[in-house]
Every structure is written in structure tokens, then in C-alpha cells.
Amino acid sequence: MQGFYEAVQRADLNQCIWSVTVIEGIGAGQKALWCNGQFLWKSEGGFFSQDQHAIEAVLKGEEGCANSLKPEGSVIPFGECSLYCEQLRKEAYLVICGGTVDILLELLQERVDSQK
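(A) Molecular detail of a nonpolar patch on the surface. On the surface, a cluster of nonpolar side chains totalling about 300 Å² of accessible area is made up of Ile 103, Leu 104 and Leu 107. The class for Leu 104 is exposed, based on a relative accessible area of 55%.

(B) Inspection of the side chain of Ser 43 at higher detail. Of note, Ser 43 is situated in the loop between β3 (38-42) and α2 (52-60). Residue Ser 43 is classed as buried on the basis of its relative accessible area, which comes to 16%. At 2.7 Å, the side chain of Ser 43 forms a polar contact with the backbone nitrogen of Lys 31. Setting aside chain neighbours within four positions, we find Ser 43 in contact with Gln 30 and Lys 31.

(C) Region of the structure containing α2. Along α2, the residues classified as buried are Ile 55, Glu 56, Ala 57, Val 58 and Leu 59. Residues of α2 that are buried sit in contact with β1 (17-24), β2 (31-35), β3, β4 (74-78) and β5 (81-88). Downstream of α2 by one or two residues, Gly 61 has phi in the positive range, about 75°.

Conventions adopted
- Residues numbered from 1 in each chain as written.
- Predicted model: local features only at pLDDT ≥ 70, side-chain atom pairs only at ≥ 80, totals over all residues.
- Heavy atoms only, no water.
- Patch = residues over 30% accessible without salt bridge, like charges linked within 9 Å, V, L, I, M, F, W, Y side chains within 5 Å.
- Areas by Shrake-Rupley, 256 points an atom, 1.4 Å probe, with all protein chains shown as cover.
- Salt bridge = Lys/Arg side-chain N within 4 Å of Asp/Glu carboxyl O.
- Buried < 20%, exposed > 50% of the residue type's maximum accessible area, 1.4 Å probe, protein only.
- Helix = DSSP H or I, 4+ residues; strand = E, 2+ residues; numbered from the N terminus.
- Polar contact = N/O pair within 3.5 Å; in protein donor to acceptor, adjacent residues only side chain to side chain.
- Contact = heavy atoms within 4.5 Å.

By themselves these figures say nothing about function.
Right under this line is the structure:
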């Protein structure tokens, strides 16, 4: 994983750079950096090397691919896998992916609302 963060440090965040993570299926946990139609960096393990043309077509949103990447984050189905893609930017954004964090935020919101 250290290689991913080193690649992010080297990347020019003025360009449109995407962090792509396999979140479900074969290769879960593998990551890649995508910019201007090519991979800047990808995890060892082979997921992003296998069927690279199909992965690139999904990320590019080529014809026939139901793809609408949103800068704040998108889950893209890819065969029996799912990819989470988010645009890297200089501004910080918080992305909450469910679980106990969203429950805690709801409780915090309820407490804040009750004190009004």
C-alpha cells in the first residue's frame, strides 16, 4: 500500500486523477491510480493487469459501458466485481462508506438537533 501513497504524492493533482479500488469480488482490496486514459500505478496481484482493455473501457466510459463517474465517488460494476472510483483533488473530502460511522453521525446530528 505504501507504493500507492507514494504515487499519489508524485501525482499532479491539477490533472484528473482517479483512485480505483476493487471493493468486491476477486482482487478485493487492490488499488490503482488512473489518469488521462492510463494507469499511473496499480497494485501487485494482477487484477488491473487482467483484461486491462475492458477495465480501461469502463473507466473511460466508452460506448456500451454504463459508466458515470462522479468526482465524490462512484461504485462501478465490473463483471462479478465492484470498483470504487473517486477523483483525487487538492481539497479534502470525507467519504463515509456505511457501517458504524454513519450511525455515529446520525446520533451526533440528533444530539445537535435536540440542543437547538
